[in-house]
Structure formats: structure tokens, C-alpha cells
Amino acid sequence: MRQRIIAALGIAGLAATGLVACGDDSGSGSGSGGGEKITIGIKYDQPGIGLKEGTNYTGMDVDVAKYVAKELGYSEDNITFKESPSAQRETLLANGQVKMIFASYSITDARKEKVSFAGPYLTAGQDLLVKADNTDITGPDALNGKKLCSVTGSTSAQKVKDKFAKTVQLQEYDGYSKCVEALGAGAVDALTTDNTILAGYASQAANQGKFKVVGKTFSTERYGVGLKKGDTETCTKVNDALKKMVDSGEWQKAFDKNLGPSGLKLDAATNPPKTFDACA
Amino acid sequence: MDVISEFFSEYDGLAAFRTTIYLTLLSAVLALLIGTVVAVMRVSPVRVLQLIGTAYVNIVRNTPLTLVIVFCNLGLFLQLGVSLANKDSNTFINDNNFRLAVLGLSVYHASFVAEAIRSGVNTVPLGQAEAARAIGLPFLKTLRYVVLPQAFRGAITPLGNVLIALTKNSTVASVIGVTEASAVMKVMIENRPDVLFVVFGIFAIGFVILTLPVGMLFTSMSKRLAVKR
């Protein structure tokens, strides 16, 4: 009996330390000293945008995040990246678990109610990914009677159905990689989301030459840097850093490195960004 | 609180919960059938059947449900070409995913049903089966007329637990694109992050409305139908 009690106490103790460890896992406060640490939220599963491979992080979002963090005074080894899935982004910022979010985070009015945005640092648009030999899908209005894949909870597929092709069939999965799998197997005809994400998948080593991005965007997604609501101080600094990144040519370099190989063409009028939203 | 009216109008939350109910009921019936067969195999006197039943329960029960459901879609449908709906129909994807989800849910929960029924069988005193044998009933008739009717009445509480778990587990079907309650919740969270907790609240209440009466019904049934010994 005594052994059991000791075991139970031990487990309770472990659980408690676990909780404490989680509690410590917060973004650093304001200020930009030499040894200060910063926690930044990114996506872990979007090749070309934000991808975790082992202990390495790659992608456009990651490179922009590193540049901005450097301008804010955080050296690269003081950055901790944290996964921020779409549904958790507002909460992670609100309770301070991350200080900034670079995660293909489109600026919308509903989101502005909860968080503040700096940027935009990139303007993407919704597009379609099809098999490389496909010729009949030229845009969203050619999808009637076809099968279209997207991710549960994303509004992109619904938009196609409502605005462009009433008789399209929607397949939703919990991740884009399953959509790519289904597209490869021929179970769906196209995959829709932002052209940046599609380009990332198309240029992955395993998919090279199998898919192509149609290249006819039908929405405007302005990727912003998510910040805690009302954090105008950081917002101004981030915008200055982004401006510097564009002016110095580092932005173009990051783009060429991460999304260039896929042949993705962004709207030249808005990329690289020339103006940034006012911080509020 | 306009988000509540949006739930009913724009997102058709009631239709989503209807899908949840259909998923649950169809899977419950199928799981009860498969589970009963598996339980009978486990208590049968034939060694091979016992082994098959035990293997089924241990393999299926210890596989994560998400894996089972994803396998139904990516494995059965995409790789092996098994489809459960008319390929030319213009609702093929929805029908096929729904049926694959029912298949996955019932196969998974059948293992829990089987164990619940087996626990019910264990509540039947050995003397009952011996008496049935003594009057000359063969194994299947012993089960059919003597053991199983008492076993089901003894297994009502655990079966109710399985049904409640099944109701909530049906949300996993959203990973292959069945638009049940949790899939609609994800869409609402994507569009209205400003009212995150209200959205959570609506769906939490929805599930409580589904599961609480089931729990109460099964509790009262277990009292009324218990075998008086």
C-alpha cells in the first residue's frame, strides 16, 4: 500500500513539473537586449513556407522571421520556433506563448479583432494545383463536375464552390499532404489553397515534375506578422525591419531560395511589398 | 451573440449535428452486430475462433481511431480502390467518405462492444450454462436462449459507455472530410476567431445534449432490466 502511495505521489510530482515547464514556455517580454530570447510561431508542415525537418527550419516565413528578429536585436540562437496551427494562432498570441507569428497568416478584419498585424510581407493568392499533364483545368470556373481537395476548416474550397463552380465535389482532409497524396492517386482533380503553399508542395523532392500550379489566382491573401493585440511598438519595429529587408534585397534572396525553384510568379504590383499597413 | 444565429443559418450547424447522429447510430448498429459475433467467438469452445476473436479485439482496440479512419480513406479507397458509393454520382465523395467513416467507426467500436458483452457473459452464473447443457441444448442454443439474453442485460451499462464514446469519437471522421459537427466547428473557428470560446461553447453544449440523455437512459435501463438473482 505504502509503495502505491509513493508511486502515486511520484506521478503527481512529475505531472506538476510538466505543468510548470509548460508555464515557463512563454515568449520573452518587450525590450531587445543582447541575450534576450524570443519565441516565434511558424507552420511546421508547409514546404517552402514554414517546414520543420529534424531540428532545421526552412521556408520563406522562417527566413523573414529570422531577419526581423535580428533587426529587433535577437541573435539567431536566441530564437525559439513554436508550431502555431491555424486554429491556435490567436490564442498563442493572446496569452503570450509566442511574441510574433509568421505562419501564412492572412490579414482579415475578423482576425484584427483579436490580434494586431504588421506587414504585409508577402501577397499571395488562392490558386489550383493539378497534375502536370492536365490541360482542361485552366481556372476555378473549369471545375464544374470535378473533384477538388482542401483542408478541413479552410474556406478556400468553399469559396470555389460558392463563386465559381456550383457542381464541384469537395474532399477535405486534415492536412495538405493527404490532398497531395489523393491528387497523385487521381482521386481528386485539383487541390486549392494559397499559391505559395501549392508551389511549396509542387517543388518538394518527392513531387518534382508531377504537379503544376495553374497560375490564375482568384483571391488576395496578404500575409501579415501576427502580434499581440495593441502591440504597436513591436509592430512599428517589424514594419521598419521588413522595409529594410525589401530595400536591401534580402527579401528577394529569401524568395528566390525558398519559392523560386518552383517557378512561382507572384503579383509584381504587390511583391515585394512597398507599403505596409499603419500600426493600430 | 450574432454568432449563434450564424451557427444556425450560415453554417447549418443542425445539419452537421444530424450527420454526427447518423454516423453514431449507423456505426452503433454495425458495431453491435460485429461486436456480438466477436464476443461469441471469444466465449466459444472452439480454440481457433477464440484466437481470432482475441486477436481482433487486441489489434483493433489498440490501434488509434484516427489511424483506422485515415486507413479507410487513404488505404482502402485510394490504394486498394475499394469504394462504397457510386463513382459517377455527383455526391460520390461525400457518400463514400461517410460510409468509409461508418465502416471505420464500427470496426473500431466493435472491439469495445465485444468486451462489454463478454463482461456481461461473465455475470451469468456458470450454473445457467450447465443447466442448459443438462436439458440437451447445443452451444448456439445455450447462447441464444439462456446466456446472451442475461448477458446483454448485465452489459447495458458498459454498452452505454461505448455508445457515448462513439458519439464523441465520431468527430474523428472530419479528418477524411465528413462534414459532421467538429468539421463545421473548424470552419467557424477559421472565420470567427474573435468569438473562439462562444464557438467552442456551442459545440460543447451540442455534444452534451446528445450524450447526457443517452447516459441517463442507459442508467435507468440498467436498473430496470437488471437480472434479479
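Under an unreviewed UniProt entry, chain B has the name Amino acid ABC transporter permease and belongs to Kribbella sindirgiensis. The UniProt entry for chain B carries this comment under Sequence similarities (unreviewed entry): "Belongs to the binding-protein-dependent transport system permease family. HisMQ subfamily."

Under the annotation held in an unreviewed UniProt entry, chain A carries the name Glutamate ABC transporter substrate-binding protein and is attributed to Kribbella sindirgiensis.

Chemist: Quick question: what am I supposed to make of the packing of helix 5 (residues 92-123) of chain B against helix 7 (residues 139-154) of chain B here?
Modeler: Residues and elements named next belong to chain B. At a minimum axis distance of 7 Å, the contact between helix 5 and helix 7 shows a crossing angle of 110°. Considering their axes alone, helix 5 and helix 7 lie roughly perpendicular with respect to each other. Here helix 5 and helix 7 pass one another in a crossing that is right-handed. Across the interface between the two elements, Ile117, Gly120, Val121 and Thr123 from helix 5 touch Val147, Leu148, Ala151, Phe152 and Gly154 from helix 7. When the residues that make up the contact of helix 5 with helix 7 are grouped by side-chain class, the tally is six nonpolar, three polar and no charged.

Chemist: I tried to follow the sheet that holds strand 8 (residues 126-131) of chain A on my own but got confused; where do I start?
Modeler: Whether parallel or antiparallel, the strands of a sheet pair through hydrogen bonds between backbone atoms. In spatial order, the strands read 10-9-11-8-12 (chain A); together these five strands make up an open sheet with mixed pairing. The outermost strands of the open sheet, each flanked by one partner alone, are strand 10 (169-173) and strand 12 (211-213) of chain A. Here the strands of the sheet are splayed against their neighbours by 30° on average, with no regard to which way each runs. Bridging between strand 8 of chain A and strand 12 of chain A involves three bridges; their strand directions are antiparallel. Across the sheet, residue Leu129 of chain A finds its bridge partner in strand 12 of chain A, namely Val213 of chain A. Across the sheet, helix 5 of chain B lies against strand 9 (147-151) and strand 10 of chain A, angled at about 35° from strand 10 of chain A, the strand it touches most.

Chemist: Which parts of the structure should I look at to understand the domain arrangement of chain A?
Modeler: By a widespread convention, an interface's size corresponds to the accessible area lost as its parts come together. Residue and element names in this part refer to chain A. Partitioning chain A into domains gives domain 1 (33-124 + 221-262) and domain 2 (126-213). Here the C-alpha centroids of domain 1 and domain 2 sit 26 Å apart. Taken together, the contacts link twelve residues of domain 1 with eleven residues of domain 2. Between domain 1 and domain 2, the buried area comes to about 920 Å², and carbon and sulfur atoms account for 60% of it. Looking only at domain 1, the three residues that lose the most surface to domain 2 are Pro47, Glu221 and Ser262, adding up to 44% of its buried area. Counting across the interface, domain 1 meets domain 2 through zero salt bridges. Along the contact surface separating domain 1 from domain 2 lie three residue pairs in polar contact (both at pLDDT 80 or more).

What counts, and where the lines are drawn
Residues numbered from 1 in each chain as written. Chains lettered and ligands numbered in written order. Predicted model: local features only at pLDDT ≥ 70, side-chain atom pairs only at ≥ 80, totals over all residues. Heavy atoms only, no water. UniProt positions renumbered as here; feature names shortened; annotations may be inferred. Axes fitted to C-alpha atoms, helices over the stretch in contact; angles between N-to-C directions. Helix = DSSP H or I, 4+ residues; strand = E, 2+ residues; numbered from the N terminus. Parallel < 35°, antiparallel > 145°, perpendicular 65-115°, else oblique. Left-handed = near helix turned anticlockwise from the far one by under 90°. Contact = heavy atoms within 4.5 Å. Nonpolar A, V, L, I, M, F, W, Y, C, P; charged D, E, K, R; others polar. Pairing = 2+ DSSP bridges. Domains from an automatic or database assignment. Buried area = accessible area lost by both parts, 1.4 Å probe. Salt bridge = Lys/Arg side-chain N within 4 Å of Asp/Glu carboxyl O. Polar contact = N/O pair within 3.5 Å; in protein donor to acceptor, adjacent residues only side chain to side chain.

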